[in-house]
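Spelled out from the first residue to the last, the chains are:
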Amino acid sequence: MKRHKSIIELSRDHQKGLMLAQLLKKDAPPYKGLPTDVEGKMNYAIETFQSHLIKHFEDEEKILFPISKGKSEECDNLISELSDDHQFFYKNFSSLKPDADLEDLLDNIGHRLESHIRKEEREFFNLIQNLLSEEDLKVIENKIQKSREDFQKSCKTKK
């Protein structure tokens, strides 16, 4: 299904997320310019989480989920599952540290992140495109655009 323009930014975020998911898996092939050692992958994962994924999750949790909630039981169940995944990622990315279990933890995060993104793209986004009105989708588009503009401004003032 073609992605509605209101959530295209979130779909674009998923491309970076899928690259991270693949990188974190055990036996991942080397990707040009990306780390190949476990500690390097950990540092890259933390950086990507802080600079990209947190904003993505916030936009979903503060904009997309509230507007979509209550539209159908299936939608509410998906929101609950996706929110649980977000909590898993907040907890696990924030607690990454070099230790004996790091490679297994990164592999687990990589597999769960890939599954999470696929569920959003193949199930949730398709569902809300069918459930939500054009008015709702326009509200989402405007709020995400403003959120991203505010985020860019805040990044510039932090330097």
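Residues numbered from 1 in each chain as written. Predicted model: local features only at pLDDT ≥ 70, side-chain atom pairs only at ≥ 80, totals over all residues. Heavy atoms only, no water.

1. As for the packing of aromatic side chains
Alright, step 1. This structure, assessed with the given rule, holds nine aromatic pairs.
Alright, step 2. With a centroid separation of 6.2 Å and 50 degrees between ring planes, the pair formed by phenylalanine 124 and phenylalanine 125 is classed as tilted.
Alright, step 3. Exposure remark for phenylalanine 124: the relative accessible area of 0% places this residue in the buried category.
Alright, step 4. Residue class for phenylalanine 125 comes out buried when judged on its relative accessible area of 0%.
Alright, step 5. Stacked on the ring of phenylalanine 88, the Lys or Arg arginine 112 has its end atom at 4.1 Å from the ring centre. (Phe/Tyr/Trp six-rings, centres within 6.5 Å; stacked < 30°, edge-to-face > 60°. Buried < 20%, exposed > 50% of the residue type's maximum accessible area, 1.4 Å probe, protein only. Lys NZ or Arg CZ within 6 Å of the ring centre and 35° of its normal.)

2. Re the confidence of the model for the protein
Alright, step 1. The predicted model of the protein averages 95 in pLDDT, with 98% of residues at 70 or higher.
Alright, step 2. Mean pLDDT across the elements of the protein ranges from a minimum in helix H5 (residues 134-158), with 89, to a maximum in helix H3 (residues 73-94), with 98. (pLDDT = per-residue confidence, 0-100. Helix = DSSP H or I, 4+ residues; strand = E, 2+ residues; numbered from the N terminus.)

3. Digging into the packing of helix H2 (residues 38-68) against H3
Alright, step 1. In the contact formed by H2 and H3, the axes pass within 11 Å of each other and the chain directions differ by 155 degrees. Relative to H3, the element H2 is oriented roughly antiparallel. Considering how the two elements wind past one another, H2 and H3 form a crossing that is left-handed. Contacts between H2 and H3 pair Ala45, Ile46, Phe49, Leu53, Ile54, Phe57, Glu58, Glu60, Glu61, Phe65 and Ser68 from the former with Cys75, Asp76, Ile79, Leu82, Ser83, His86, Gln87, Phe89, Tyr90, Phe93 and Ser94 from the latter.
Alright, step 2. Residues that form the contact of H2 with H3 fall into these classes: 13 nonpolar, five polar and four charged. (Axes fitted to C-alpha atoms, helices over the stretch in contact; angles between N-to-C directions. Parallel < 35°, antiparallel > 145°, perpendicular 65-115°, else oblique. Left-handed = near helix turned anticlockwise from the far one by under 90°. Contact = heavy atoms within 4.5 Å. Nonpolar A, V, L, I, M, F, W, Y, C, P; charged D, E, K, R; others polar.)

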